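# Report on the structure
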Amino acid sequence: QRIQFALERRTRYVEISIEVAQQIAAAPSMDELFHRVVHLIRERFGYYHTQVYTLKDQELILQAGTGEAGAHLKSINHRIMLIGDNTLAARAARTGETMMVLNVYNDPGWIPDLLMAETRSEIAVPIKLSDQILGVLTVQNNQTDSLDDEDRFLLRHLCGQIAIAIDYR
């Protein structure tokens, strides 16, 4: 029964991944692409919050985020410096590796944010082509231990699709 559940979950993830890829491909502009990415990922997978950043001159620049927090951060041109910042997003961009924390209270780089006060777990996935980092996708959940290797696999796959879309445009 456990194997059956895992197979059903993987099948659902693949179906949603295809849907997200189709929406990315159909986006008429980069702004719309980023908007679709964060909202579709949040809605389809039930995450608490989703954001996407692009990398320019050693800064991660927020392109889109979900909810009021995302809108506010976008309105103030939120940025994360790669040098000296220990957030998951900055570490993912510096290393090119996916960073996942199952309980943010156990992560030394985590800084509480009143805009996303319910965050309990987080994953940051670099958006990259080969070794070139183009940005980072971050996902937060409002439960500890709610992210797993399936999330890591799926989000890395989606970030590959996002990277191709960015490079193509």
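Presented here is a report on the structure given in the accompanying data block.

## Examining the environment of I111
Residue position: I111 is located in the loop between β4 (99-101) and β5 (121-129). According to the relative accessible area criterion, I111 is exposed, its value standing at 61%. Sequence separation of I111 and T87 is 24 residues, and the distance between their C-alpha atoms is 7.7 Å.

## Quick notes on the packing of aromatic side chains
Under the criterion given, the structure shown has two aromatic pairs. On the numbers, 5.2 Å between centres and 80° between planes, the contact of Y105 with W110 is edge-to-face. Above the plane of the ring of F153 lies R10, whose end atom (NZ or CZ) is 4.5 Å from the centre.

## Structural notes on the sheet that holds strand β2 (residues 59-65)
The six strands lie next to each other as β3-β2-β1-β6-β5-β4, forming an open sheet whose pairing is antiparallel. Looking at the sheet topology across the chains shown, the edges are occupied by β3 (79-81) and β4. Strand-to-strand twist across the sheet, computed as the mean angle between neighbouring axes with direction ignored, equals 20°. Looking at chain direction, β5 and strand β6 (residues 132-141) are connected through nine bridges and run antiparallel. Bridge pairing in β6 links P126 to V136. Contacts from helix α2 (residues 30-45) reach β1 (49-56), β2 and β6, with the element oriented near 150° to β1. Sheet strands touched by helix α3 (residues 67-75): β1 and β2. Its angle to β2, the strand with the most contacts, is close to 135°.

Conventions we followed
Residues numbered from 1 in each chain as written. Predicted model: local features only at pLDDT ≥ 70, side-chain atom pairs only at ≥ 80, totals over all residues. Heavy atoms only, no water. Helix = DSSP H or I, 4+ residues; strand = E, 2+ residues; numbered from the N terminus. Buried < 20%, exposed > 50% of the residue type's maximum accessible area, 1.4 Å probe, protein only. Phe/Tyr/Trp six-rings, centres within 6.5 Å; stacked < 30°, edge-to-face > 60°. Lys NZ or Arg CZ within 6 Å of the ring centre and 35° of its normal. Pairing = 2+ DSSP bridges. Axes fitted to C-alpha atoms, helices over the stretch in contact; angles between N-to-C directions. Contact = heavy atoms within 4.5 Å.

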